[in-house]
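Take a look at the letters that make up each chain.
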Amino acid sequence: EHLFVERERQLRVDAALQQHARSAEVDRLSKFFANLVPGQDVRVLGPVSVSRGAAPVPLPRSRKVRALLGYLTLAPAPVSRSRLCGLLWDVPNDPKGELRWCLSKLRGLLDDPDHRRVLTPEGNLIALDLSDCAVDAVEVDRIARDGIENATSEDLASLCDRYAGDLLEGIE
């Protein structure tokens, strides 16, 4: 009877270890695939682009929309409307109207029904919430801050795959 109890205890320990190993493997694979196919991907290294999963999202032809997307993607804090108008429009037509138009295009590109990514926390400030998106330049910055010598070969391979050229290429 003692051998039977001991064998049953050993089987429970083995089952628990196998469950833990499966759980760790599932976590590792989930992280790996989350990096491969993010919900939304914004690229600013090379031509500015947005994709959902593996499908590219067509961008408007407007270079101003692309420049606004690139600038807000990299801005460390919300940016005032007047600052954006001064950066992107040098003609006295209606820069605020142009900015509203560009923001409506960005909302169409980035916002989901359940998640607004183009934010106006105060009426005058504009920001992007890309916390659930993969952003190539942010990933390069993270790896550089952590130390390139600490990066895994998967991290480095991912960076090489994602690097498509100069910052905001094609936006003059």
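This text follows the structure it describes.
Residues numbered from 1 in each chain as written. Predicted model: local features only at pLDDT ≥ 70, side-chain atom pairs only at ≥ 80, totals over all residues. Heavy atoms only, no water.

## Remarks on the pairing of strand 2 (residues 49–52)
Two strands pair when backbone bridges link them, and strand 1 (residues 40–43) and strand 2 are joined in this way by 4 bridges, in the antiparallel orientation. Across the sheet, the residue bridging to valine 42 is valine 50, located in strand 2. Two successive antiparallel strands, strand 1 and strand 2, enclose a turn made up of 5 residues, where glycine 46 displays a positive phi of approximately 100°. As paired strands, strand 2 and strand 3 (residues 55–57) are joined by 3 bridges and run antiparallel to one another. (Pairing = 2+ DSSP bridges. Helix = DSSP H or I, 4+ residues; strand = E, 2+ residues; numbered from the N terminus.)

## Focus on the sheet that holds strand 2
One open sheet holds the 4 strands; their spatial order is 3-2-1-7, and the pairing between them is mixed. Both edges of this open sheet fall to strand 3 and strand 7 (134–135), since each of them pairs with a single strand only. Those strands touched by helix 4 (residues 95–110) are strand 1, strand 2 and strand 3, and its axis lies near 35° from that of strand 2. (Contact = heavy atoms within 4.5 Å. Axes fitted to C-alpha atoms, helices over the stretch in contact; angles between N-to-C directions.)

## Comments concerning the sheet that holds strand 4 (residues 79–80)
Spatially, the 3 strands line up as an open sheet ordered 4-6-5, and their pairing is antiparallel. Pairing within the sheet leaves two strands with one partner each, and these edge strands are strand 4 and strand 5 (118–119). Direction of pairing for strand 4 relative to strand 6 (residues 125–128): antiparallel, over a ladder of 2 bridges. Note that in strand 6 the partner of valine 79 across the bridge is isoleucine 126.

## So, the environment of leucine 45
Relative to the helices and strands, leucine 45 is located in the loop between strand 1 and strand 2. Expressed as a C-alpha distance, the spacing of leucine 45 and glutamate 169, which sit 124 residues apart in the sequence, is 7.1 Å. Residue contacts for leucine 45: discarding those within four places in its chain leaves Asp136, Ala137, Val140, Tyr163, Ala164, Gly165, Asp166 and Leu167.

## So, the pattern of salt bridges
Enumeration over the complete set of coordinates arrives at 7 salt bridges. Across the pair aspartate 141 and arginine 145 runs a salt bridge, and its minimum N-O distance is 2.7 Å. Of this pair, aspartate 141 and arginine 145 are both found in helix 5 (residues 136–146), 4 residues apart, which corresponds to roughly one turn of the helix. A network of salt bridges, in which partner residues are shared, links Arg52, Asp112, Arg117 and Asp132. (Salt bridge = Lys/Arg side-chain N within 4 Å of Asp/Glu carboxyl O.)

## Some words on the packing of helix 3 (residues 81–88) against helix 4
When two helices pack together, their arrangement is captured by the angle between the axes and the distance separating the axes. For the pair helix 3 and helix 4, interaxial distance at closest approach is 10 Å and the crossing angle is 100°. Compared by their axis directions, helix 3 and helix 4 come out roughly perpendicular. Between helix 3, through Arg81, Leu84 and Cys85, and helix 4, the contact on the second element is made entirely by Pro95, Lys96, Leu99, Arg100 and Leu103. By residue class, the composition of the contact of helix 3 with helix 4 is 5 nonpolar, no polar and 3 charged. (Parallel < 35°, antiparallel > 145°, perpendicular 65-115°, else oblique. Nonpolar A, V, L, I, M, F, W, Y, C, P; charged D, E, K, R; others polar.)

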